[in-house]
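One letter stands for each residue in the lines below.
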Amino acid sequence: MSDLSHIRNFSIIAHIDHGKSTLADRFIQVCEGLTDREMAEQVLDSMDLERERGITIKAQSVTLKYRAKDGNVYELNFIDTPGHVDFSYEVSRSLKACEGALLVVDAGQGVEAQSVANCYTAMDQGLEVIPILNKIDLPQADPEKVMSEIEDVIGIDASGAVPCSAKNGTGVEDVLEALIHRIPPPQGEVDEALQALIIDSWFDNYQGVVSLVRVMHGSVRKGEKVLVKSTGKSHVVDKVGYFNPKPTTIPELKAGEVGFIVSGIKDIKGAPVGDTITHANTPDVAQLEGFQKVKPQVYAGIFPVSSDDYNAFRDALEKLTLNDASLFFEPESSDALGFGFRCGFLGMLHMEIIQERVEREYGIDLITTAPTVVYEVVMVDGSVEYIENPSRLPDPAEIEEIREPICEANILVPQEFLGNVIALCEERRGSQTSMNFLATQVQVVYELPMSEVVLDFFDRLKSATRGYASLDYQFQRFQAANLARLDILINGDRVDSLAIVVHREQAHSKGRALAEKMKELIPRQMFDIAIQAAIGNHVVARQTVKALRKNVTAKCYGGDVSRKKKLLQKQKEGKKRMKQVGNVEVPQEAFLAVLRVNDD
Amino acid sequence: MTHASEGLQAPPLGLYLHTPWCVRKCPYCDFNSHTAPTTIPENDYLSALIEDLDADRDELDGRPLQSLFIGGGTPSLMSASFYERFLDALSRRVDLSQLDEITLEANPGTVEEARFRDFRRVGINRLSLGVQSFDPGHLTRLGRIHDDSDARRGVTTAMDAGFDRINLDLMHGLPGQTPEQAVSDLETALAFNTGHVSWYQLTIEPNTAFYSDPPPLPDDDTLASIQEQGEAVLYGAGLQRYEISAWGRPGEECRHNLNYWRFGDYLALGAGAHGKVTRSGSGRVRRYWKTRQPGDYINRIGSRTAGRSELEAQDLVLEFMLNALRLSEGVPASFFQARTGLPLSRIEDQLRQLRAHGLLADTPDQLVATERGRCYLNEVLEAFVP
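Residues numbered from 1 in each chain as written. Chains lettered and ligands numbered in written order. Predicted model: local features only at pLDDT ≥ 70, side-chain atom pairs only at ≥ 80, totals over all residues. Heavy atoms only, no water.

Asks: Could you give an account of the packing of helix H1 (residues 20–30) of chain A against helix H6 (residues 172–182) of chain A, naming the residues involved and the relevant values?
Replies: Between two packed helices, what matters for the description is the angle formed by their axes and the separation of those axes. All names here are of chain A. Running from N to C, H1 and H6 cross one another at 85°; their axes reach a closest spacing of 10 Å. Between H1 and H6, the angle falls in the class roughly perpendicular. Within the contact between the two elements, H1 uses Leu23, Arg26, Phe27 and Val30 and H6 uses Val172, Glu173, Val175 and Leu176. Residues belonging to the contact of H1 with H6 are distributed by class as follows: six nonpolar, no polar and two charged. (Axes fitted to C-alpha atoms, helices over the stretch in contact; angles between N-to-C directions. Helix = DSSP H or I, 4+ residues; strand = E, 2+ residues; numbered from the N terminus. Parallel < 35°, antiparallel > 145°, perpendicular 65-115°, else oblique. Contact = heavy atoms within 4.5 Å. Nonpolar A, V, L, I, M, F, W, Y, C, P; charged D, E, K, R; others polar.)

Listed below in structure tokens is the structure:
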């Protein structure tokens, strides 16, 4: 084995606001990856969207040189991980490239559920986990309690937990020292044939595909011919390098290191995440175990507002799936919305982010239909179908049974909010499976219909607990339920893209709420618009959007028509965000009305 | 982009003269108006107007003037002598042989009314009175400086001064207004039997005091009731609605405004005025506008013409339609080509669709909206927005 003792590859597992980004920024500062002047806040969250939402979506990496107290200089490769419940899949990907992880816990708030789940993933993958107690400068910090909670919930020895404050810098060097002493260096052989794992790939308009890799064995240089194992295609390496955090070209990437490879791959499917890269002359190098494919939990139809954008939209989705294997899409056509795609997502945040990225980065206006989970439908003839589109639910006469997905939700919450959490879970038709009182929090586990969890449960949970509760959930099984399709009719026409699946006992209340919300969202037009909610032929709710009495500008002085023209242009712009259903203009938001029925 | 300009003909020509001063700015007004100084610099303004007129001789192209409209601001703040001298200068430069309508906007108020007789004497033959309402509460809300008795007296004074063509400007949809109050305003106005009423709904425009601090306006259904009941009263008094907001006895229509709506030409004169001229030489239609600040206009800081633009084909279409379709009788279809230089076939798809939806009348020789089409005119016009 080559001597890689100066390298450390690690991730940080942390809850969204437990201080991961701040800590990462401190590392960069201590290691002088950036000068103070260059130090923009939270440099690692590089997508605009990430910075706006204060979350990490995509894996990013940064390579730092740290001069330790033992006098040696270490190469630290930090691979960032997303912190939101929707993106746990991305976490396991980042962890594959590491030998260790820092579990950052807010010393005042304690462990949260997502970190627990990620910590288990890290331990399953054999990583060394170092607990870090952040925010010890805060008056409510209680390191003792939080340490015992780490031991209770996660079951690791927390006695060596490192206290620090990323905010004021206290203990940050202790964290770095712990990191180099406790996380093992990578194992690898520089002289062996190249074997590199693609952690992430993304498309750059100037360079083509850029891949973030962890080199397991061997080395790779500019000008060499490399082979992407699964595609069998060879490419010449244009450059290799690392992020510090600016992309920095270096002559060679070696075993144990993390960095990027650009090799002129133009086809976005040319460097799949989880694939193995080797040299063209060593095609027999073993393919590394890739990443487990995750199943989307939420499906929705997404349609370009303008049918001209269909091809551009497909290209955009293809580019996004390149480094987001959890994004699923297949063509869908709707009577109301034309041609688009049925897309599968990890959760609602994932869906919103994909929609925003397509709209923002590709300039395509989209209409998204109500998100739904996958239902298992047992047919009278005994066959089983999986339905992820309510409008495709077969004729009730052919259905023996509809089964809905049930998940196990693991919630950690301070005791004072326990009552609220239980009330919310009961309201969402949950059944409690366990409750466990910990040092600072209560761990409560519920079985809940997935459909009740994926839409707005997380947001509701947060607001019911002043943001303190944390959640992790996993699919358990399909379970028979009394379900039916609720249709929405506009002026008597069933609109396929507005259908949702509901529990029969909720059909009336959901139908009423939905019809009312639709009435609010559809603007008055030149004629009355009838909105009906129906189960089969049985109308359960009805609302009318009264016709606009008039739409004409009262005064028009012939002299200056520019204002009037602007008004008309604005009116027309507004309609671009609407879809013509029959002769009714339906705004984008109306297709997502089901998500807003709980708004006040 | 250039466009075919076949068949483009120079249409009738009007002149819009803007006087920019007001005693104070009303909270709903988005026109180019400025608080008047203690003494309005009439002489300086007059010299500037004449210089500007001379500078724009090219736009005129030797055509005769059909109408003159003096708007503001508050034109009745200027003296009759100012207009006498202006008209005299105008007559030396422009063919006025066909000029049969000179309208002046005036406000009720003792100072202004004292001038009405002189205005009439110097040749102004139509007065447009900014009454807005006869309800004292609403007049206060609108920030008007006159009250309801001023309004009534103003109309009488104008009639006594010898004006036989008088328009009364009335607004409706005022803050807190009921249909009954709107009808009462109309009945009061109609009792004077002046033969012309502009009855238009208050709209909140950007860059006004109402925009930053919006008053509580009646809801849509109340507005629609006001509209319905008001129209019945206007028709009942024997007036014809010849445009969305303009009502007149047959023959009493405002020729100057009709020319706008028929996409005729008009010269711009005075601070912030807008003009439109057809350039028969280049086959293009041009819009131009004057610098807005009275001081800049007088002292000619920069050019008095602040900007001009040749209309592209797509703008021509929209501007033609948004004017023409406001008229109850619309315009002859032949006007389209004559006044835009574009073939009617350019808009045949839109015309066919709008006719199929009952928004335009199915009359091949006349471009005219149906009653329903005028009700939803903004929806109709959207079809012509590029």
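Asks: Could you give me a rundown of the interface of chain A and chain B, with the residues and numbers involved?
Replies: Across the contact, 26 residues belong to chain A and 39 residues belong to chain B. Of the roughly 3300 Å² buried between chain A and chain B on both sides combined, carbon and sulfur atoms contribute 52%. A per-residue breakdown of the area chain A buries against chain B is headed by Met526, Arg549 and Lys550 of chain A, which together make up 21% of the total. For the pair chain A and chain B, the number of links is ten salt bridges. (Buried area = accessible area lost by both parts, 1.4 Å probe. Salt bridge = Lys/Arg side-chain N within 4 Å of Asp/Glu carboxyl O.)

Asks: Lay out the pairing of strand S8 (residues 195–201) of chain B in plain terms, naming residues and giving numbers.
Replies: Residue and element names in this part refer to chain B. Summarising burial for S8: seven of the seven residues are buried, a large majority. Pairing between strand S7 (residues 166–172) and S8: seven bridges, direction parallel. Counted as the bridge partner of Leu168 is Val197 from S8. Following the backbone out of S7, through helix H7 (residues 179–191) and into the adjacent parallel S8, one traces a crossover that is right-handed. As paired elements, S8 and strand S10 (residues 246–248) share three bridges and run antiparallel to each other. Among the inter-strand pairings, Ser198 is bridged to a residue of S10, identified as Ala246. (Buried < 20%, exposed > 50% of the residue type's maximum accessible area, 1.4 Å probe, protein only. Pairing = 2+ DSSP bridges. Right-handed = clockwise from strand over helix to strand, strands pointing away.)

Asks: Go over the sheet that holds strand S17 (residues 298–304) of chain A with me, naming the residues and quoting the values.
Replies: Residue and element names in this part refer to chain A. The strand order across the open sheet formed by four strands is S18-S19-S17-S20, and the pairing between neighbours is antiparallel. The two strands at the open ends of the sheet, each matched to only one other strand, are strand S18 (328–334) and strand S20 (366–368). This sheet shows a mean twist of 30° between the axes of neighbouring strands, independent of strand direction. Across the sheet, helix H7 (residues 310–322) touches S17, S18, strand S19 (338–345) and S20, and the angle it forms with S19 is around 15°. Packing against the sheet, helix H8 (residues 348–362) makes contact with S17, S19 and S20, and its axis sits at approximately 165° to S20.

Asks: How would you summarise the sheet that holds strand S8 (residues 208–217) of chain A if you had to cite specific residues and measurements?
Replies: Hydrogen bonds between backbone atoms are what pair the strands of a sheet, whose relative direction is either parallel or antiparallel. All names here are of chain A. Across the sheet, eight strands lie side by side as S11-S10-S16-S7-S8-S15-S12-S13; this open sheet has antiparallel pairing. Pairing within the sheet leaves two strands with one partner each, and these edge strands are strand S11 (233–236) and strand S13 (247–250). Strand-to-strand, the axes of this sheet are offset by a mean angle of 40°, without reference to chain direction.

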